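Given next are the chains, with one letter for each unit.
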Amino acid sequence: MTSTTVVRLLLAVPGLAAIGFGIQQFVVRTHPDLSDAREPALWLGGAVVLHDGLLVPTVLVLGLLISRARRLRPILRGALLTGGCLTLMALPLLLRPGRPANPTVLPRDYWVSWSMTLALTVAVTAAVAWVTRRRRSRRPRPAGR
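None of these values were measured; they are calculated from a predicted model. Sequence order as written defines the numbering, with residues in each chain counted from 1. It should be noted that, the model being predicted, local features are given only for residues of pLDDT at least 70 and side-chain atom pairs only at 80 or more, the latter also being counted only at that level, while totals for whole chains, interfaces and linings use all residues. As a convention, hydrogens and water are excluded, and side-chain values are obtained from all of the structure's heavy atoms.

**Observations concerning the overall build of the protein chain**
(1) Moving on: Helix and strand definitions follow DSSP, with helices as H or I runs of at least four residues and strands as E runs of at least two, each counted in order from the N terminus. Within the protein chain one finds four helices and zero strands.
(2) Moving on: Tracing the protein chain from N to C terminus, the helices and strands come up as α-α-α-α.
(3) Moving on: Working definition: with a 1.4 Å probe on protein chains only, accessible area under 20% of the residue-type maximum means buried, over 50% means exposed, and in between means partly exposed. Within the span of the protein chain, comprising 145 residues, buried residues form 10% of the whole.
(4) Moving on: Note on definitions: a residue-residue contact is assigned when non-hydrogen atoms from the two residues lie within 4.5 Å. Across the protein chain, contacts joining residues at least 24 apart in sequence account for 48% of those joining residues at least 6 apart.
(5) Moving on: With the model as given, the accessible surface of the protein chain reaches about 12200 Å², and the carbon-plus-sulfur share is 68%. Surface exposure here means Shrake-Rupley accessible area, sampled with a 1.4 Å probe, where a residue is shielded only by the protein chains that are shown.

Pasting the structure below:
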């Protein structure tokens, strides 16, 4: 066995044990009688389907589109990272059904706030991309190109 294989095993064994413990705790705490383990299984299965069916293809397509815009790639990556993080942070509030019993808990319309923040992200990205293109087009090109 090579040293790389040993290191991988040393990292994989505790990692798999932690994953198993997490699954066991999730099932025990959500269904103490273990009579209905279908709900956690459906939840975990839905997460896999969403990840593999929606998230991964979206990231791959966006990565392909960004790879074609070589000079604007860092700007576009930043915008996508910002939009993705904003969406992940807002998702629990966006998906929360109904009105809370205490109206001060969620006092705003989070769909409007999230949309406005994403629109601002797109506007700032467009402005930075425009300025970057203008600067690059004004630079004198070296004689060999």
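**Some words on the confidence of the model for the protein chain**
Close reading of the predicted structure is inappropriate where its pLDDT is low.
(1) Moving on: The pLDDT score gives, residue by residue, the confidence of the prediction method on a 0 to 100 scale. Considering every residue of the protein chain, the mean pLDDT works out to 83; 88% of them sit at 70 or more.
(2) Moving on: Mean pLDDT values for the elements of the protein chain range from 84 in helix H2 (residues 38-68) up to 90 in helix H4 (residues 110-138).

**So, a nonpolar patch on the surface**
(1) Moving on: Patch building starts from residues that exceed 30% relative accessible area and form no salt bridge, then joins like charges within 9 Å and nonpolar side chains (Val, Leu, Ile, Met, Phe, Trp, Tyr) within 5 Å. We count a salt bridge whenever a side-chain nitrogen from Lys or Arg sits within 4 Å of a carboxyl oxygen from Asp or Glu. On the surface, Met1, Val6, Leu9 and Leu10 cluster together into a nonpolar patch covering about 450 Å² of accessible area.
(2) Moving on: Structurally, Met1 can be placed in the segment before helix H1 (3-30).

**A short note on the side chain of Thr132**
(1) Moving on: Along the polypeptide, Thr132 turns up in helix H4.
(2) Moving on: Residue classification places Thr132 among the buried positions, given a relative accessible area of 17%.
(3) Moving on: Side-chain polar atoms of Thr132 contact the backbone oxygen of Val128, separated by 2.7 Å.
(4) Moving on: Setting aside residues up to four positions removed in sequence, Thr132 forms contacts with Leu72 and Ile75. The term polar contact refers here to a pair of N or O atoms within 3.5 Å; inside protein, the definition further demands a hydrogen-donor-capable atom paired with an acceptor-capable atom, and it admits residues adjacent in sequence only when both atoms are side-chain atoms.

**Comments concerning the packing of helix H3 (residues 73-94) against H4**
(1) Moving on: For helices, the fitted axis covers only the stretch in contact; all axes are lines through C-alpha atoms, and the angles between them, taken along N-to-C directions, range from 0 to 180 degrees. Relative to each other, H3 and H4 sit at 175 degrees, their axes nearing to 10 Å. The pairing of H3 with H4 is recorded here as roughly antiparallel in orientation. Along its contact with H3, which presents Ile75, Leu76, Ala79, Thr82, Gly83, Leu86, Thr87, Ala90, Leu93 and Leu94, the element H4 presents Tyr110, Trp111, Trp114, Thr117, Leu118, Thr121, Thr125, Val128, Ala129 and Thr132.
(2) Moving on: Each residue is assigned to one class: nonpolar for Ala, Val, Leu, Ile, Met, Phe, Trp, Tyr, Cys and Pro, charged for Asp, Glu, Lys and Arg, and polar for all the others, Gly among them. Of the residues contributing to the contact of H3 with H4, the split by class is 13 nonpolar, seven polar and no charged. We call two directions roughly parallel when the angle between them is under 35 degrees, roughly antiparallel when it is over 145, roughly perpendicular when it lies between 65 and 115, and oblique otherwise.

**Description of the environment of Pro57**
(1) Moving on: Mapped onto the secondary structure, Pro57 falls in helix H2.
(2) Moving on: Since its relative accessible area comes to 33%, Pro57 is described here as partly exposed.
(3) Moving on: With sequence-adjacent residues up to four places away left out, Pro57 is seen in contact with His51 and Asp52.

**Points about the environment of Leu80**
(1) Moving on: With respect to the helices, strands and loops of the structure, Leu80 is situated in helix H3.
(2) Moving on: On the basis of relative accessibility, which here comes to 39%, the residue Leu80 falls in the partly exposed class.
(3) Moving on: Counting along the chain gives 42 residues from Leu80 to Val122, while the straight-line C-alpha distance between them is 9.2 Å.
(4) Moving on: Residue contacts for Leu80: discarding those within four places in its chain leaves Leu62 and Ile66.

**Details of the packing of H2 against H3**
(1) Moving on: Where H2 meets H3, the closest approach of the two axes is 9 Å, and the angle between their N-to-C directions is 155 degrees. The angle between H2 and H3 falls in the class roughly antiparallel. Of the two possible hands of crossing, H2 and H3 adopt the one that is right-handed. Residue-level inspection shows Leu62, Ile66 and Ser67 of H2 in contact with H3, the latter providing Arg73, Leu76, Arg77 and Leu80.
(2) Moving on: Grouping the amino acids of the contact of H2 with H3 by side-chain chemistry returns four nonpolar, one polar and two charged. Left-handed describes a crossing in which the near helix is turned anticlockwise from the far one by less than a right angle; the clockwise case is right-handed.

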